[in-house]
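# Structural features, examined
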Amino acid sequence: MPSPAELFSKSLPPVTTHSVTDDHRDKAESLWKSELANATTSVSGLLGKLKLEQYIKHTDSQPDFRCLVTESYLDKIEVGNIGDPLLLQVLPSTLENDFATQENGTTDPVGDLDAQVTQGLLHKYHGRALLINTGACAIHCRYCFRRAYPYQKSSCTSRTLNDALTYLNDHTEIEEIILSGGDPLILDNDKLSAIINKLEDIQHIQTLRIHTRIPVVLPNRITTGLLQLLQASRLQVVMVIHANHANELQSNESAKLRLLHQAGIILLNQSVLLKNVNDNTDALIALSKRLFECKTLPYYLHLLDPVKGTMHFKTNKISAQALIQKITAQLPGYLVPKLVQEIAGSQSKTAIFHI
Ligand code: SF4
């Protein structure tokens, strides 16, 4: 997986003679790239910034899935609070390597690799296919279900994109394409636009869905250039963001989500039910209400996919059902996410109904 610095060291736009508008646009694009390049990648650095150095022995300071936290995300974590629900999502813990805790974890619990039809193109469900164009993210979530995904050999590259397009052309039942990763919004506007343009040429594709955590962890990526690019597409754009806790959505995130909404993009959220992060009624209700203020509807609440290294976040299914029942009693139906589990080989996500 390339580092943010590697991703952008060669791709920053060259300095040329620009108008004021161009300069403004270039500044907005370089702002998020520079934040990404300067993200915190050291566990001791992360603890130091939060005045939590004394907890270093409870962390893995050299994790295989490295530490990566943007400044925007770090700013939302409470200084001095080792139990902060945002910090728990990004701090590499010694539990990730604890044999007993991780014993039942696997590397591909949702059957991604079995669903791969060309390099980086996954066709699991009727009518939609998922394209993995990058393994890079703006943040490394410790519970990530793709933390062991072999991005090097199973991502769609400029060399293999034609294979994916040929498959999509041949499968006229596919009306929706999902850009996923990694995080597809980590690609700069030129790369994103090149992919979207090719997808637009396939007449039976009507919907572009973007799965991204970037509006939550690197909101400055939502630039005028990106909004214009998405707004100009003939495809209906649906953005499924990923927030797990209301504290993740503060004023900058809210402002950017509102801009996306104003640009005609349908906004949905998917969360993962995470032990000690959001596995209580108050946290889930606050999240749904905050999402609504940000023009975003709760879509899925996932049970944790059993990935090795993430099992310390696992909650139990019965208490998850009870939680959904409690929030259903307190919220309008449109603010209650669907509790789901992804089971490899199934025709769709599996809904977990109330007890
Ligand atoms: S942003 Fe998504 S893909 Fe990236 S580490 Fe987090 S959960 Fe995984």
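Residues numbered from 1 in each chain as written. Predicted model: local features only at pLDDT ≥ 70, side-chain atom pairs only at ≥ 80, totals over all residues.

## Observations regarding the overall build of the protein
Along its length, the protein carries 14 helices and ten strands. Here the C-alpha radius of gyration of the protein, 20 Å, is about what a compact globule of 355 residues would show, namely 20 Å. For the protein, the spread of C-alpha atoms along the three principal axes comes to 50 × 45 × 40 Å. When burial is assessed residue by residue, the protein has 39% of its 355 residues classed as buried. Here the contacts in the protein between residues at least 6 apart in sequence split such that 82% fall between residues at least 24 apart. (Helix = DSSP H or I, 4+ residues; strand = E, 2+ residues; numbered from the N terminus. Rg over C-alpha atoms; globule rule 2.2 N^0.38 Å. Buried ≥ 20, exposed ≤ 12 C-beta atoms within 10 Å, placed from the backbone. Contact = placed C-beta atoms within 7 Å.)

## Focus on the nonpolar core
With 79 residues, the main nonpolar core has Val69, Ala129, Leu131, Ala138 and Ile139 as its most contacted residues. The residues that make up this core include at least three from each of domain 1 (4–102) and domain 2 (113–351). With sequence-adjacent residues up to four places away left out, Ile139 is seen in contact with Leu68, Val69, Thr70, Tyr73, Val90, Arg213 and Val217. (Core = buried A, V, L, I, M, F, W, Y, C linked by C-beta atoms within 7 Å. Domains from an automatic or database assignment.)

## So, the packing of helix α9 (residues 189–200) against helix α11 (residues 224–231)
Closest axis-to-axis distance for the α9/α11 pair is 11 Å, and the angle between their directions is 5°. It follows that α9 is roughly parallel to α11 by the angle criterion. Packed against α9, whose contacting residues are Asn189, Leu192 and Ser193, the element α11 presents Gly225, Leu226 and Leu229 at the interface. Residue composition of the contact of α9 with α11, grouped by class: three nonpolar, three polar and no charged. (Axes fitted to C-alpha atoms, helices over the stretch in contact; angles between N-to-C directions. Parallel < 35°, antiparallel > 145°, perpendicular 65-115°, else oblique. Nonpolar A, V, L, I, M, F, W, Y, C, P; charged D, E, K, R; others polar.)

## A word on the domain arrangement of the protein
Each assigned domain of the protein is listed with its residue range as follows: domain 1 (4–102) and domain 2 (113–351). In terms of residue count, helix α2 (residues 20–37) provides more of the side of domain 1 that touches domain 2 than any other element does, seven residues in total. Here the residues of the side of domain 1 that touches domain 2 are counted per class, giving 16 nonpolar, seven polar and six charged.

## Here's the deal with the pairing of strand β8 (residues 297–302)
By the bridge criterion, five bridges tie strand β7 (residues 266–272) to β8 in an arrangement that is parallel. Of the residues in β8, the one forming a bridge with Asn269 is Pro298. One crossover worth recording links β7 to the parallel β8 by way of helix α13 (residues 281–293), and it is right-handed. Judged from the three bridges that link them, β8 and strand β9 (residues 338–341) form a sheet pairing that is parallel. Each residue of the ladder has a partner; that of Leu301, found in β9, is Leu339. (Pairing = 2+ DSSP bridges. Right-handed = clockwise from strand over helix to strand, strands pointing away.)

## Focus on unusual backbone geometry
The peptide bond linking Gly181 to Gly182 adopts the cis configuration, its omega dihedral lying at 20°. Backbone geometry places Lys51, a non-glycine residue, at a positive phi of 55°. The residue Lys51 is located in the loop between α3 (43–49) and α4 (71–74) in this model. A positive phi angle, close to 70°, is found at Asn276, a residue other than glycine.

## Things to note about the sheet that holds β8
Adjacent strands of a sheet form backbone hydrogen bonds with each other and so pair up, either parallel or antiparallel. The ten strands are arranged β1-β2-β3-β4-β5-β6-β7-β8-β9-β10 in an open sheet whose pairing can be described as mixed. Each end of this open sheet is capped by a strand with a single partner; those strands are β1 (116–118) and β10 (350–351). Bridge analysis of strand β6 (residues 236–241) against β7 gives four bridges, and the strand direction is parallel. If you follow Met239 over to β7, its bridge partner there is Leu267.

## Observations regarding the site of the ligand
In the region of the ligand, the neighbouring residues are Cys137, Ile139, His140, Cys141, Cys144, Arg146, Gly181, Gly182, Asp183, Arg213 and His242. Per-class residue counts for the shell around the ligand are four nonpolar, four polar and three charged. (Near = placed C-beta within 6 Å.)

## A short note on the packing of α13 against helix α14 (residues 317–328)
Where α13 contacts α14, the two axes come as close as 10 Å, and the packing angle between them is 55°. By the angle between their directions, the pair α13 and α14 is classed as oblique. As α13 runs across α14, the sense of the crossing is right-handed. The segment α13 lies against α14, with Thr281, Leu284 and Ile285 engaging Leu323, Lys326 and Ile327. (Left-handed = near helix turned anticlockwise from the far one by under 90°.)

## Notes on α14
The terminal C-alpha atoms of α14, which comprises twelve residues, lie 16 Å apart, in line with the 16 Å expected from a rise of 1.5 Å per residue. Where α14 is concerned, the buried positions are Leu323, Ile324 and Ile327. With its buried residues spanning 95° around the axis, α14 presents them on a single face. Against the buried residues of α14 lie α13 and β9. (Expected span 1.5 Å × (residues − 1). Arc of directions from axis to C-beta.)

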